[in-house]
Amino acid sequence: MPPAIALSEDILINVTPFETRVALVELGSVQELHVERSIQRGHVGNIYLGRVVRVLPGMQSAFIDIGLERAAFIHIADLRENRGERSQGLTPTPIEKLLFEGQTIMVQVVKDPLGTKGARLSTQISMAGRMLVYLPHDPHIGISQKIDSESERIQLRERLQALMPADEKGGFIVRTQAEGANDEELTADLEYLRKLWASVQAAARTQASPALLHQDLTLAQRVLRDMVGPGTGTILVDSRTTSAAMLEWARIYTPSVVDRIQHYSGERPLFDTANVDDEIARALSRRVDLKSGGYLIIDQTEALTTVDVNTGGFVGGRNFDDTIFKTNLEAAQAIARQLRLRNLGGIVILDFIDMEDQEHRDTVLAELKKALSRDRTRMTVNGFTQLGLVEMTRKRTRDSLAHQLCEPCPMCESRGNVRTPRTVCYEILREILREARQFNPKEFRILASQDVVDLFLEEESQHLAMLGDFVGKRVSLEVESTYSQEKYDIILV
């Protein structure tokens, strides 16, 4: 059975000197968003010559200086030697016998720094081409799990083995883009990756650690390498320079997509043609409205992401169970899209509305898996737990859209809420009581936000007057317009 062709999709690339943004649009709806800023390009895929700065035997891990702001982290499971020993059934050598402080080591970033965590590293180097992934240290040929046909898998493996040079000591993974490729295309990709690895080795011999040996492709180039498939329609680029560079790169490495790359010169901004900026704004919101009237609430934390499904105003079913079932079906499709759109990774917990009917549960789970199948990112989906939750994971390599475009709220310090004006009023009253026991000023002057001062002048005026009488001092109020609701100062006059 031939592989199914994906729905027709277009790729829009908006380029400015400071930022490149990519939107994948399918049937008029934005499915994926990628952002790369010039001053904060991701590090995943980069190869470094690092220096071991600390070995932690208790955690079987180490910190490596690769020249970034924070030391990067490597676990023994990501050491090439450890993987080899485990594959042979041998007792793994402890990390303290493999690494030592001051040691120079070649590593590759597999996860970008996230929050307070440094980058995650591996010594199992891999270099991605258009159709192949090169594994210079692993003499193994693997086939992408997304190639379902067993006969196609066997044929690709045999063809690649025949094309590999006799002196090749590494291995390859055949990507899904290799389906239908001829021997000439496979050979070109193979030779490109071997030359790339040779240049990395040459740089490692001449540079001192820490040093960058190889940087992954730009976002625009990664679009051609990773995102373009049989179902891709046009690739519109609003920068003449970038479109020319992409055409040049494509002629060498992906000649089959050259005719799809077009320079966009319309009067309207490229992203306005598909309302992409509106989608970005919605993708940064906690709430996602469904067409039926139901909605999702998405909360992202450092540990995991939760998605809560609610019926809202939807009453379209024949009965309550039918309403819940239809809402959950629509939510399953929306959740799959939001995970791609927001680039949410790690552990994801889905809280569908409780369903008593097992057949309804099975149908919703099947719909979710079907919708997720269009996502290129690797993931696992488990069935419903006893609490009615669906647990899943989605591979996380780069920051989510929210982490790229937003920062913690300085007002609430990322708590998601702020103390009420009344709570702040009572904190101020307690603080004045403490100050009155230690000092003897003529007056206590309160500097606070407008809302807090208004409350003191109205509903809390009696408590403020009682406090002034109790401490025997005058208490005055002053609005500080630059203060947030929680901020205040008490000045002793």
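Residues numbered from 1 in each chain as written. Predicted model: local features only at pLDDT ≥ 70, side-chain atom pairs only at ≥ 80, totals over all residues. Heavy atoms only, no water.

(A) Examining the overall build of the protein chain more closely. Secondary structure summary: the protein chain contains 12 helices and 24 strands in total. Considered along the principal axes of its C-alpha atoms, the protein chain spans approximately 95 × 70 × 55 Å. By the burial criterion, 44% of the 493 residues in the protein chain qualify as buried. Here the analysis covers contacts within the protein chain between residues at least 6 apart in sequence; of these, 66% occur between residues at least 24 apart. Total accessible area computed for the protein chain in this model is approximately 26100 Å², and 50% of it derives from carbon and sulfur atoms. Side-chain charges in the protein chain split into 59 positive and 70 negative, and the spacing between the mean points of these groups amounts to 4 Å. (Helix = DSSP H or I, 4+ residues; strand = E, 2+ residues; numbered from the N terminus. Buried < 20%, exposed > 50% of the residue type's maximum accessible area, 1.4 Å probe, protein only. Contact = heavy atoms within 4.5 Å. Areas by Shrake-Rupley, 256 points an atom, 1.4 Å probe, with all protein chains shown as cover. Lys, Arg positive; Asp, Glu negative; His and termini not counted. Charge placed at Lys NZ, Arg CZ, Asp CG, Glu CD.)

(B) Layout of the packing of helix α4 (residues 219-227) against helix α5 (residues 240-253). The interhelical angle for the contact between α4 and α5, taken along N-to-C directions, is 40°, at an axis separation of 10 Å. In terms of orientation, α4 and α5 fall into the oblique class. Here α4 runs over α5; the crossing is right-handed. Each of Ala 220, Gln 221, Leu 224 and Arg 225 in α4 lies in contact with α5, whose residues at this interface are Thr 242, Met 246, Trp 249 and Ala 250. (Axes fitted to C-alpha atoms, helices over the stretch in contact; angles between N-to-C directions. Parallel < 35°, antiparallel > 145°, perpendicular 65-115°, else oblique. Left-handed = near helix turned anticlockwise from the far one by under 90°.)

(C) Structural view of the nonpolar core. Of all hydrophobic cores here, the largest spans 49 residues; its most connected members are Ile 13, Met 127, Leu 132, Leu 224 and Ile 235. No other element matches the 9 residues that helix α3 (residues 183-206) contributes to this core. Beyond its immediate chain neighbours, meaning those up to four positions away, Leu 224 contacts Arg 130, Ile 235, Met 246, Trp 249, Ala 250, Thr 254, Val 257 and Ile 261. Grouped together as the second largest cluster of nonpolar side chains are 29 residues, Ile 335, Leu 339, Phe 384 and Val 390 included. (Core = buried A, V, L, I, M, F, W, Y, C linked by side-chain atoms within 4.5 Å.)

(D) Broad picture of α3. In a regular helix each residue adds 1.5 Å, so 24 residues correspond to 34 Å; α3 covers 35 Å between its end C-alpha atoms and thus fits that length. Within α3 the residues assigned to the buried category are Leu 186, Asp 189, Leu 190, Tyr 192, Leu 193, Leu 196, Trp 197, Val 200, Ala 203 and Ala 204. (Expected span 1.5 Å × (residues − 1).)

(E) Expanded view of the UniProt feature "domain: S1 motif" (unreviewed entry) in the protein chain. Cross-referencing UniProt, the feature "domain: S1 motif" (unreviewed entry) maps to residues 45-124 in the present numbering. For residues 45-124, helix accounts for 10% and strand for 38%, while the C-alpha atoms at its two ends are 11 Å apart. (UniProt positions renumbered as here; feature names shortened; annotations may be inferred.)

(F) Here's a closer look at a positive patch on the surface. Together, Lys 111, Lys 117, Arg 378 and Lys 395 make up a region of like positive charge exposed at the surface. Note on placement: Lys 111 falls in strand β7 (residues 104-111). (Patch = residues over 30% accessible without salt bridge, like charges linked within 9 Å, V, L, I, M, F, W, Y side chains within 5 Å. Salt bridge = Lys/Arg side-chain N within 4 Å of Asp/Glu carboxyl O.)

(G) Structural view of the packing of aromatic side chains. Taken as a whole, this structure holds 3 aromatic pairs when the rule is applied. Centre to centre, the rings of Tyr 134 and Phe 172 are 4.9 Å apart; their planes meet at 25°, and the pair counts as stacked. Taken together, the residues Tyr 134 in strand β10 (residues 132-135) and Phe 172 in strand β12 (residues 171-174) connect sequence positions 38 residues apart. Taking the relative accessible area as the measure of exposure, Tyr 134 reaches 4% and is therefore buried. Look at Phe 172 and you get buried, because its relative accessible area is 0%. (Phe/Tyr/Trp six-rings, centres within 6.5 Å; stacked < 30°, edge-to-face > 60°.)

(H) Seen up close, the sheet that holds strand β21 (residues 390-394). Within the open sheet, the 6 strands sit side by side as β16-β17-β18-β19-β21-β20. Their pairing is mixed. Looking at which strands have only one partner, the edges of the open sheet turn out to be β16 (287-289) and β20 (379-384). Across this sheet, the average inter-strand angle for adjacent strands is 15°, counted without regard to direction. Both strand β18 (residues 304-310) and strand β19 (residues 346-351) contribute to a ladder of 5 bridges, which runs parallel. Opposite Thr 306, over in β19, you have Ile 349 as the bridge partner. Contacts between helix α7 (residues 320-342) and the sheet are confined to β16, β17 (295-300), β18, β19 and β21, with β18 contributing the most and set at about 150° to the helix. (Pairing = 2+ DSSP bridges.)

(I) Expanded view of a negative patch on the surface. A cluster of like negative charges, contributed by Asp 321, Asp 354, Glu 356, Asp 357, Glu 359 and Asp 362, occupies part of the molecular surface. Looking at where Asp 321 falls in the secondary structure, it is placed in helix α7.

(J) Spatial organisation of the layout of surface pockets. Quantified by volume, the second largest pocket comes out at close to 700 Å³. Considering the residues around the second largest pocket, the lining is formed by 22 residues, among which Ser 29, Lys 291, Gln 333, Ala 334 and Arg 337 are closest to the centre. Those elements that provide at least two residues to the lining of the second largest pocket are β3 (29-37), α6 (276-283), β16 and α7. Two domains share the lining of the second largest pocket, each providing at least three of its residues, namely domain 1 (9-41 + 216-276) and domain 3 (285-405). (1 Å grid on protein atoms, 1.4 Å probe; cavity = no way out; pocket = protein on both sides within 12 Å on 5 of 7 lines; lining within 4 Å. Points joined across faces, edges and corners; volume = space filled by probe spheres on them. Domains from an automatic or database assignment.)

(K) Inspection of the sheet that holds strand β24 (residues 488-492) at higher detail. Ordered in space as β23-β22-β24, the 3 strands form an open sheet in which the pairing is mixed. Edge positions in the sheet fall to β23 (474-479) and β24, since each of these pairs with one other strand and no more. Averaged over all pairs of adjacent strands, the angle between their axes in this sheet comes to 20°, without regard to strand direction.

(L) Fine view of the pairing of strand β2 (residues 19-26). Among the 8 residues that make up β2, 8 are buried, leaving the element largely enclosed by the rest of the structure. Covered by surrounding structure in β2 are Glu 19, Arg 21, Ala 23 and Val 25 together with Thr 20, Val 22, Leu 24 and Glu 26, the residues of both alternating faces. Summarising the sheet, strand β1 (residues 9-16) and β2 pair through 8 bridges and their orientation is antiparallel. Looking at the pairing, Asp 10 lines up with Val 25 of β2. Counted along the chain from β1 to the antiparallel partner β2, the turn is 2 residues long. By the bridge criterion, 8 bridges tie β2 to β3 in an arrangement that is antiparallel. The residue of β3 that forms the bridge with Val 22 is His 34.

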